Amino acid sequence: MGGGGKHSVTFGPDGEQIFVRPGTTLLEASRRAGAKVRTRCGGVAGCLMCKIHVSEDQADRLQPPTTAEIRKLGSLLGQGVRLSCQARTRGDVVVSIPEDPLKAAIRKRLAEQEEDDWLI
Ligand code: FES
């Protein structure tokens, strides 16, 4: 614990950390931390774009999955995926935001190019 009864939320991989009131959703925490969690539905468990990864040892730092999360995520829940608009803190937690698929593709392409340059 820390921050005077507040919970810390740390967003990987860049590591922005913020202190929030217990029970704050990860989506709200991410907004305040300036971390980029994507959303299209405005936080009503509709778009599934706000998925976030929580490692096994961090899982109990969040409140248990909501009915909406269980319905929408199914077996992904068992793989440490949560919906950040639904998951609320109940302790200091470290989560990681999956990379934007488009950005990941660009990064991969750049890495390949670098490799090509290296070979010339
Ligand atoms: S913000 Fe759309 S599902 Fe969470």
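Each value, and the rule that gives it
Residues numbered from 1 in each chain as written. Predicted model: local features only at pLDDT ≥ 70, side-chain atom pairs only at ≥ 80, totals over all residues. Heavy atoms only, no water. Helix = DSSP H or I, 4+ residues; strand = E, 2+ residues; numbered from the N terminus. Buried < 20%, exposed > 50% of the residue type's maximum accessible area, 1.4 Å probe, protein only. Contact = heavy atoms within 4.5 Å. Areas by Shrake-Rupley, 256 points an atom, 1.4 Å probe, with all protein chains shown as cover. Salt bridge = Lys/Arg side-chain N within 4 Å of Asp/Glu carboxyl O. Core = buried A, V, L, I, M, F, W, Y, C linked by side-chain atoms within 4.5 Å.

Chemist: How do you make sense of the overall build of the protein when you look at a structure like this?
Modeler: In terms of helices and strands, the protein carries three helices and five strands. N-terminal to C-terminal, the α/β element order of the protein is β-β-α-β-α-β-β-α. Overall, the protein is about 55 × 35 × 25 Å in size when its C-alpha atoms are taken along their principal axes. Within the protein, the fraction of its 120 residues that count as buried is 35%. Of the contacts made within the protein by residues no fewer than 6 positions apart, 59% connect residues no fewer than 24 positions apart. For the protein, the exposed area adds up to about 7600 Å²; of that, 52% sits on carbon and sulfur atoms.

Chemist: Even after reading the chapter, I still don't get the pattern of salt bridges, so can you show me in this structure?
Modeler: Two side chains of opposite charge can pair, provided their charged atoms sit close to one another. Applying the stated criterion across every chain yields a total of six salt bridges. Across the salt bridge formed by R32 and E28, the nearest N and O atoms sit 3.0 Å from each other. Taken together, the residues span about one helical turn, with R32 and E28 both in helix α1 (residues 26-33) at a distance of four residues. Given the relative accessible area of 47%, R32 is considered partly exposed.

Chemist: How should I be thinking about unusual backbone geometry in this particular structure?
Modeler: Negative phi is the rule for most residues except glycine; trans is the rule for most peptide bonds. With phi around 60°, A45 is a residue other than glycine that occupies positive phi space. On the basis of relative accessibility, which here comes to 4%, the residue A45 falls in the buried class. Despite not being glycine, L48 shows a phi value in the positive range, around 60°. Of the residues examined, L48 reaches a relative accessible area of 26% and is grouped as partly exposed.

Chemist: Honestly, the environment of G78 in this entry has me stumped. Any pointers?
Modeler: Relative to the assigned elements, G78 resides in the loop between α2 (67-73) and β4 (81-83). Expressed as a C-alpha distance, the spacing of G78 and L48, which sit 30 residues apart in the sequence, is 16 Å.

Chemist: Looking at this model, I keep getting lost on the nonpolar core. Mind explaining?
Modeler: Ranked by internal contacts, the top residues of the largest apolar core, which has 25 residues, are V9, F11, I18, L26, I52 and V95. Secondary structure elements with two or more residues in this core: β1 (7-12), β2 (16-20), α1, α2, β4 and β5 (93-96). At four residues, the largest contribution of residues to this core is made by α1. If sequence neighbours within four positions are ignored, L26 has contacts with V9, F11, I52, L62, S84, A87, T89, V93 and V95.

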